Amino acid sequence: MADLPRYIGRLRMVPKSLWVLVAQFAVFSLLVPNFFAVSNFENILRVSSILMLASLGQAIVIILAGVEFSVGSAVALCSIVAVFAVQSVSVPMAFASGFVIVLVIGAINGTLIAYAKLPPFLATLAMLMLVHGVASLAVGGLPIEAPVSESFYWMGRGKAFGIPVPILLAAFGLVVHYILLSKTTFGRQIYLVGSNERAAHLSGIAVNRIKFLGYVAAAGFVAVSGLILTSRVASGQPNLIPNLPFETISACAVGGLSLAGGRGSTLQVLVGVLIIAMLNNSIVLLNLPTAFQLAVLGFVIIAAVVFQTTPDRFSFLSMRAAFAQKTKPQGDA
Amino acid sequence: MLLSRHLCAARQGSRDGRCLWKMAVMSEQSSPVEKAVLEVTEVKKAYGPTLALSGVDMNLYPGQVHALMGENGAGKSTLVRILVGATQPSGGAFRLNGERVNFHSVSDAIKAGIVPIYQHLTLFNELSVLENLYSFDTATAGLLPPYLGSAAAETAKASLARVGLSVSLEQKVSTLKLGERQLLEIARGLQRNCAVLLLDEPTAALNAHEADRLLEVIRGLAAEGVAILYISHKSDEIRKVADVVTVLRDGRSVICGAPLKDTSVDELVNAMLGHAFAVVDKQMPVPGEIVLEAKQMVLVPGGAPVSFAVAAGEVLGVIGLVGSGAEEIGQALAGARDILSGSIAIDGQLAHPYSRRDAVRRGVGYVPPDRHEDGLFELHSALSNASASILKTVSKFFFLQRKKEKASFSSRFQALALNPNEPDREIQHFSGGNQQKVLVARNLVITGLRILVLTEPTRGVDVGARDKIHDAIVEATHAGQAVVLITTDLEELTSLAHRTLIVRNGQIVRELPQFSSPDDVALAMLEQE
Ligand SMILES: Nc1ncnc2c1ncn2[C@@H]1O[C@H](COP(=O)(O)OP(=O)(O)OP(=O)(O)O)[C@@H](O)[C@H]1O
Ligand SMILES: [Mg+2]
């Protein structure tokens with residue numbers, strides 16, 4: 001055991017969820033018709049960009065040992081505000097106001113949790129209902145349509161350098177997220193606060209400010225996700241994407257983030273989102289009823305999380321060690 | 001059986017020299033005639049590529065207190081975890097009453113009569129004292145919880161009395177002091193019918209008086225026929241309580257069950273460290289100007305105000321029994337606790353507002369008493385744990401500079417003998433004493449350090465590393481820093497402190513001068529006002 005080759009040590013650093021993703025990719029490529037095609041991959045990435053950006057936001061909050069249930073309502077209100085603005089003012093103002101409204105919701109969440117000391121679960125659940133109520137009242141319960149506008153559609157449907165804009169934005173989001181979490185002082189503080197709030201406080205970290213800013217930063221990612229979706233559907237709806245909180249939390253869990261906080265990486269979010277996106281895509285390709293989607297998603301979450309949280313049971317290294325132990329001659333027995 | 005023990009001795013002898021061979025043979029002669037309850041042979045444990053245990057032999061006999069010693073990271077806690085099935089060994093075997101056993105869970109071990117008391121407390125903070133006392137039973141109970149009824153309460157009271165703990169059964173554990181929790185943890189273990197009691201540094205959180213009481217309890221249990229494994233870094237305690245000793249070095253038993261009366265302190269230290277070691281008397285500087293001043297500070301409603309000052313280069317000792325308020329004074333000085341009235345001044349300037357964050361900005365380091373709850377970021381590396389208070393200094397604009405971060409600690413970790421010296425390893429995979437070293441290092445590097453408030457800075461640390469931490473404190477005083485040392489380790493206190501404040505009921509009842517003897521301090525603590 002003492003002289004394991006170096007590369008095995010490195011392999012241990014790779015998130016386990018990546019193996020799930022690789023296996024899933026191989027199986028789907030073989031079994032699902034039309035899965036293995038460049039156009040399908042582009043499709044998967046484009047569709048998953050919304051979940052990707054929202055999950056990146058969710059991940060920040062989860063690493064802070066919190067949870068964010070109001071992302072779905074925030075995106076819905078974002079769509080309504082943006083469509084109002086594009087109807088009455090201009091496209092840039094639409095994007096700006098949609099972005100700002102999500103940041104405001106993030107700031108309210110942050111204030112409730114960091115300063116008013118509400119548990120994140122309660123605070124964001126209350127905000128889910130409150131924001132949804134506001135969104136419904138604003139449009140009287142019915143969707144509102146955006147006027148036909150190429151520039152408004154650009155974010156959700158356009159292409160730049162031959163690549164769909166949502167994919168570019170998601171890629172950009174991943175890079176920013178990675179730098180934020182693993183290169184900046186703020187990122188380190190997020191991890192420390194999420195890992196042990198008391199210890200962080202006693203080390204002189206401004207715990208409340210980090211939490212507040214964490215929720216605002218998370219809202220930044222959610223806002224971009226909301227704008228892409230608004231631009232794609234070109235309408236403002238109070239019930240735009242009610243499952244978003246659950247899908248983002250699932251993506252984080254499947255990717256391997258600890259819901260207890262303090263741990264998780266951008267790569268894990270990426271893997272978690274891709275696992276869920278490939279799954280949804282295959283269900284569509286196989287012409288299975290969409291009701292299938294939720295059931296399968298539930299199953300995959302359980303399977304992926306069990307696989308990742310039973311560290312030694314499946315690992316080839318420990319199997320070898322156990323084998324060596326069993327076959328070793330036993331002293332004076 | 002006898003043959004295998006000789007083999008153990010011979011193996012040791014050939015590897016580590018004559019002296020150990022002799023000792024192992026001696027242990028053979030003086031071992032009790034009774035059969036061992038627990039026999040450990042060649043137990044190994046690998047964590048990935050690192051070997052935490054590379055071959056441990058040890059026999060526990062009924063009625064015998066067996067001391068287990070070794071440097072930080074030698075593998076003592078790992079051995080305890082293996083014996084109770086909390087982790088699985090990678091090799092070797094152990095036998096309970098002659099039968100080979102291998103526990104797959106701690107509850108199996110407890111059922112078989114092996115009760116562990118870990119280095120790290122495992123109480124349920126949100127439950128009552130009573131519920132905690134019965135938590136082992138609750139795990140295996142039927143429909144009704146086992147702590148209902150007056151008989152259960154009587155048993156619980158008796159267990160508390162056995163360790164001399166006077167708290168009410170209804171009290172929540174979260175309201176207890178660390179020392180009280182330690183006693184409760186032991187009381188919980190005692191309440192079970194146990195054949196083997198494994199104690200991993202049980203006195204680390206206790207003061208000398210409470211520790212003595214616990215040692216008496218342990219002797220009493222041994223007299224009742226319990227086999228006891230006693231892990232500690234304090235050799236005077238071990239001499240008081242233990243019959244035989246096993247020493248681990250680098251995961252291997254280099255002394256197996258030698259009788260303590262035939263083993264000198266030097267021999268033990270030599271076996272633990274692999275070389276001779278002696279503590280050199282510390283040269284303390286002459287205190288300079290006043291740095292920190294507490295004026296009429298009141299900490300609890302209705303409490304008496306306390307006033308004192310600490311000068312540059314001075315070590316102010318603070319000591320009191322558990323619950324005396326000594327720890328709270330430390331918290332207040334470090335900005336970790338609001339004061340109700342009065343004030344704190346640093347360099348003559350009023351420190352207000354004074355949160356922990358303000359204190360760090362003013363150069364006040366603080367080592368808290370409970371390293372797990374208040375100190376460590378379990379999921380993170382030793383390096384990120386150490387740098388938590390200097391993130392700004394190791395950053396440029398908004399970005400962390402990893403090289404600078406690493407460089408800030410390479411000499412510190414070396415000086416404190418971090419073992420293994422792998423700054424990127426997660427802190428939870430370090431031994432208890434090494435976690436403590438990281439926590440101390442965090443506070444020694446604070447930018448613009450002026451004041452160090454240290455609560456039990458050498459808790460759970462081995463003799464060598466203890467001396468190294470003391471060296472670091474002395475070095476800080478020579479650099480003009482003021483040190484407040486809150487400790488229950490009388491040796492540590494009297495060798496470092498310029499003055500010592502005795503605290504009782506939140507009040508300073510006496511002040512002792514430099515070079516007071518440990519006995520003076522112990523007496524002063526117990527004195528009636
Ligand atoms: N989960 C783990 N993963 C990897 N290494 C580990 C793990 N737990 C312990 N170790 C390593 O095993 C060795 C033995 O640790 P252990 O905690 O048993 O030491 P110890 O003798 O109890 O020390 P201390 O006196 O400081 O409590 C150490 O080098 C430690 O770093
Ligand atoms: Mg230990």
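No experiment lies behind these values; they were computed from the predicted model shown.

### Remarks on the overall build of chain B
Here's step 1: A count of helical and extended segments in chain B gives 20 helices and 22 strands.
Here's step 2: Since a compact globule built from 529 residues should have a radius of gyration of about 24 Å, the 24 Å found for chain B is in line with a globular shape.
Here's step 3: With respect to the three principal axes, the spread of C-alpha positions in chain B is 70 × 55 × 50 Å.
Here's step 4: Counting only residues that meet the buried cut, chain B has 57% of its 529 residues in that class.

### Notes on the interface of chain A and chain B
Here's step 1: Across the contact, 32 residues belong to chain A and 39 residues belong to chain B.
Here's step 2: Counting across the interface, chain A meets chain B through three salt bridges.
Here's step 3: A salt bridge links E426 of chain B to R263 of chain A, with the shortest nitrogen-to-oxygen separation between them at 3.1 Å.
Here's step 4: Across the chain A-chain B interface, the total number found is 16 residue pairs in polar contact (both at pLDDT 80 or more).
Here's step 5: Considering every element that reaches the side of chain A that touches chain B, the biggest residue donor is helix 9 (residues 185–195) of chain A, with six residues.
Here's step 6: The class makeup of the residues in the side of chain A that touches chain B is 11 nonpolar, 13 polar and eight charged.

### Focus: the side chain of Q58 of chain A
Here's step 1: Inspection of the secondary structure assignment puts Q58 of chain A in helix 3 (residues 38–63).
Here's step 2: If sequence neighbours within four positions are ignored, Q58 of chain A has contacts with V67, E68, V71, P245, T248, I249 and C252 of chain A.

### Quick look at the site of ligand 1
All names here are of chain B.
Here's step 1: In the vicinity of ligand 1 lie 21 residues, with K76, S77, T78, S431 and G433 positioned nearest.
Here's step 2: For ligand 1, an oxygen atom lies 3.3 Å from a polar atom in the backbone of A74.
Here's step 3: Within the backbone of G433, one N or O atom sits 2.7 Å away from an oxygen atom of ligand 1.
Here's step 4: If ligand 1 stood free it would expose 640 Å²; the protein chains cover 90% of that surface.
Here's step 5: Counting only elements with at least two residues in the shell around ligand 1, the list comes to helix 3 (76–83) and helix 17 (432–444).
Here's step 6: At four residues, the largest contribution of residues to the shell around ligand 1 is made by helix 3.
Here's step 7: The class makeup of the residues in the shell around ligand 1 is five nonpolar, 11 polar and five charged.
Here's step 8: Three or more residues apiece are contributed to the shell around ligand 1 by two domains, here domain 1 (2–113 + 194–273) and domain 3 (290–526).

### A look at the pairing of strand 3 (residues 65–70) of chain B
Residue and element names in this part refer to chain B.
Here's step 1: Within strand 3, six of the six residues are buried, which leaves it mostly tucked inside the rest of the structure.
Here's step 2: Residues of strand 3 alternate between two faces, with V65, A67 and M69 on one and H66, L68 and G70 on the opposite face, all of them buried.
Here's step 3: Bridge count for strand 3 against strand 8 (residues 227–231) is four bridges, and the pairing is parallel. Bridge pairing in strand 8 links V65 to I228.
Here's step 4: In this sheet, strand 9 (residues 244–249) lies alongside strand 3 in parallel orientation, the contact comprising five bridges. Counted as the bridge partner of L68 is T246 from strand 9.

### Description of the packing of aromatic side chains
Here's step 1: Enumeration over the complete set of coordinates arrives at 12 aromatic pairs over all chains.
Here's step 2: Their ring planes at 40 degrees and their centres at 5.7 Å tell us that F25 of chain A and F41 of chain A sit as a pair that is tilted. Here F25 of chain A, found in helix 2 (residues 16–31), pairs with F41 of chain A, found in helix 3; they are 16 residues apart in sequence, far enough to count as distant.
Here's step 3: Under the relative-accessibility criterion, F41 of chain A is labelled partly exposed at 25%.
Here's step 4: Through a chain of ring-to-ring contacts, the aromatic side chains of F25, F28, F35, F36 and F41 of chain A assemble into a single cluster.
Here's step 5: In this arrangement the basic side chain of K45 of chain B is found over the ring face of Y47 of chain B, its NZ or CZ atom lying 5.1 Å from the centre.
Here's step 6: Here the basic side chain of R425 of chain B rests over the ring of F430 of chain B, its NZ or CZ set 5.6 Å away from the ring centre.

### Thoughts on the packing of helix 5 (residues 91–115) of chain A against helix 6 (residues 120–139) of chain A
All names here are of chain A.
Here's step 1: Relative orientation of the contacting elements helix 5 and helix 6 amounts to 145 degrees, with a least axis distance of 9 Å. Pair helix 5 / helix 6 crosses with right-handed handedness. Every residue of helix 6 that contacts helix 5 at I105, I108, N109, L112 and I113 is listed here: P120, A123, T124, M127 and V131.
Here's step 2: Residues that form the contact of helix 5 with helix 6 fall into these classes: eight nonpolar, two polar and no charged.

### What about the domain arrangement of chain B?
Residue and element names in this part refer to chain B.
Here's step 1: If you check the domain split of chain B, you get domain 1 (2–113 + 194–273), domain 2 (122–192) and domain 3 (290–526).
Here's step 2: Centre-to-centre separation of domain 2 and domain 3, based on C-alpha positions: 32 Å.
Here's step 3: On the side of domain 3, seven residues touch domain 2, which itself brings six residues to the contact.
Here's step 4: Across the domain 2/domain 3 interface, buried area totals approximately 480 Å², and carbon plus sulfur atoms make up 58% of it.
Here's step 5: On the surface where domain 2 and domain 3 come into contact, there are one salt bridge.
Here's step 6: For E373, the salt bridge identified is with R181, shortest N-O distance 3.9 Å.
Here's step 7: Linking domain 2 with domain 3 are one residue pair in polar contact (both at pLDDT 80 or more).
Here's step 8: Of the residues that constitute the side of domain 2 that touches domain 3, the class distribution is one nonpolar, two polar and three charged.

### Considerations on the state of the cysteines
Residues and elements named next belong to chain A.
Here's step 1: Tallying each qualifying case throughout the model produces zero disulfides over all chains.
Here's step 2: The closest cysteine sulfur to the non-disulfide-bonded C78 is located on C252, 19 Å from its own sulfur.
Here's step 3: Residue C78 is classed as buried on the basis of its relative accessible area of 0%.

### Structural notes on the pairing of strand 11 (residues 290–298) of chain B
Residues and elements named next belong to chain B.
Here's step 1: Across five bridges, strand 11 lies against strand 12 (residues 306–311) in antiparallel orientation. Each residue of the ladder has a partner; that of M297, found in strand 12, is V306.
Here's step 2: In terms of strand pairing, strand 11 meets strand 14 (residues 341–346) through five bridges, oriented antiparallel. Note on strand 14: the bridge partner recorded for K295 is S343.

### Here's the deal with the sheet that holds strand 14 of chain B
Residues and elements named next belong to chain B.
Here's step 1: What the four strands build is an open sheet, ordered 12-11-14-15; its pairing is antiparallel. Since the sheet does not close on itself, it has two edges, and those belong to strand 12 and strand 15 (349–350), each with one partner.
Here's step 2: Strands strand 11, strand 12 and strand 14 of the sheet are contacted by helix 12 (residues 326–333), whose axis makes an angle of about 120 degrees with strand 11.

### Quick notes on the sheet that holds strand 22 (residues 507–513) of chain B
Residue and element names in this part refer to chain B.
Here's step 1: Strand order in this open sheet of six strands is 16-19-20-13-21-22, and the pairing throughout is mixed. If you trace the sheet from one side to the other, it starts and ends with strand 16 (364–367) and strand 22, each paired once. Between one strand axis and the next, the sheet turns through 15 degrees on average, direction left out of account.
Here's step 2: Note that strand 13 (residues 315–319) and strand 21 (residues 499–504) share four bridges and pair parallel. Bridging across to strand 21, L316 finds its partner in R499.
Here's step 3: Each of strand 13, strand 21 and strand 22 touches helix 20 (residues 518–526); the most contacted strand, strand 21, lies at about 25 degrees to it.

### Observations regarding unusual backbone geometry
Here's step 1: Residue H352 of chain B is joined to P353 of chain B through a cis peptide bond whose omega torsion reads -5 degrees.
Here's step 2: With respect to the helices and strands, the residue P353 of chain B is situated in the loop between strand 15 and helix 13 (356–361).
Here's step 3: Look at the link from N419 of chain B to P420 of chain B: it is a cis peptide, with omega at -5 degrees.
Here's step 4: Looking at where P420 of chain B falls in the secondary structure, it is placed in the loop between helix 16 (402–415) and helix 17.
Here's step 5: The residue F161 of chain A is not glycine, and still its phi comes out positive at about 50 degrees.
Here's step 6: In this structure F161 of chain A comes out as exposed when scored by relative accessible area, which is 80%.

### Notes on a nonpolar patch on the surface
Here's step 1: Where nonpolar side chains cluster on the molecular surface, the patch consists of V175, Y178 and I179 of chain A together with F397, F398 and F399 of chain B and spans about 690 Å² of accessible area.
Here's step 2: Top contributing element to the nonpolar patch by residue count: helix 8 (residues 165–183) of chain A, with three residues.

Cut-offs used in this document
- Residues numbered from 1 in each chain as written.
- Chains lettered and ligands numbered in written order.
- Predicted model: local features only at pLDDT ≥ 70, side-chain atom pairs only at ≥ 80, totals over all residues.
- Heavy atoms only, no water.
- Helix = DSSP H or I, 4+ residues; strand = E, 2+ residues; numbered from the N terminus.
- Rg over C-alpha atoms; globule rule 2.2 N^0.38 Å.
- Buried < 20%, exposed > 50% of the residue type's maximum accessible area, 1.4 Å probe, protein only.
- Contact = heavy atoms within 4.5 Å.
- Salt bridge = Lys/Arg side-chain N within 4 Å of Asp/Glu carboxyl O.
- Polar contact = N/O pair within 3.5 Å; in protein donor to acceptor, adjacent residues only side chain to side chain.
- Nonpolar A, V, L, I, M, F, W, Y, C, P; charged D, E, K, R; others polar.
- Near = heavy atom within 4 Å.
- Areas by Shrake-Rupley, 256 points an atom, 1.4 Å probe, with all protein chains shown as cover.
- Domains from an automatic or database assignment.
- Pairing = 2+ DSSP bridges.
- Phe/Tyr/Trp six-rings, centres within 6.5 Å; stacked < 30°, edge-to-face > 60°.
- Lys NZ or Arg CZ within 6 Å of the ring centre and 35° of its normal.
- Axes fitted to C-alpha atoms, helices over the stretch in contact; angles between N-to-C directions.
- Left-handed = near helix turned anticlockwise from the far one by under 90°.
- Buried area = accessible area lost by both parts, 1.4 Å probe.
- Disulfide = S-S within 2.5 Å.
- Patch = residues over 30% accessible without salt bridge, like charges linked within 9 Å, V, L, I, M, F, W, Y side chains within 5 Å.

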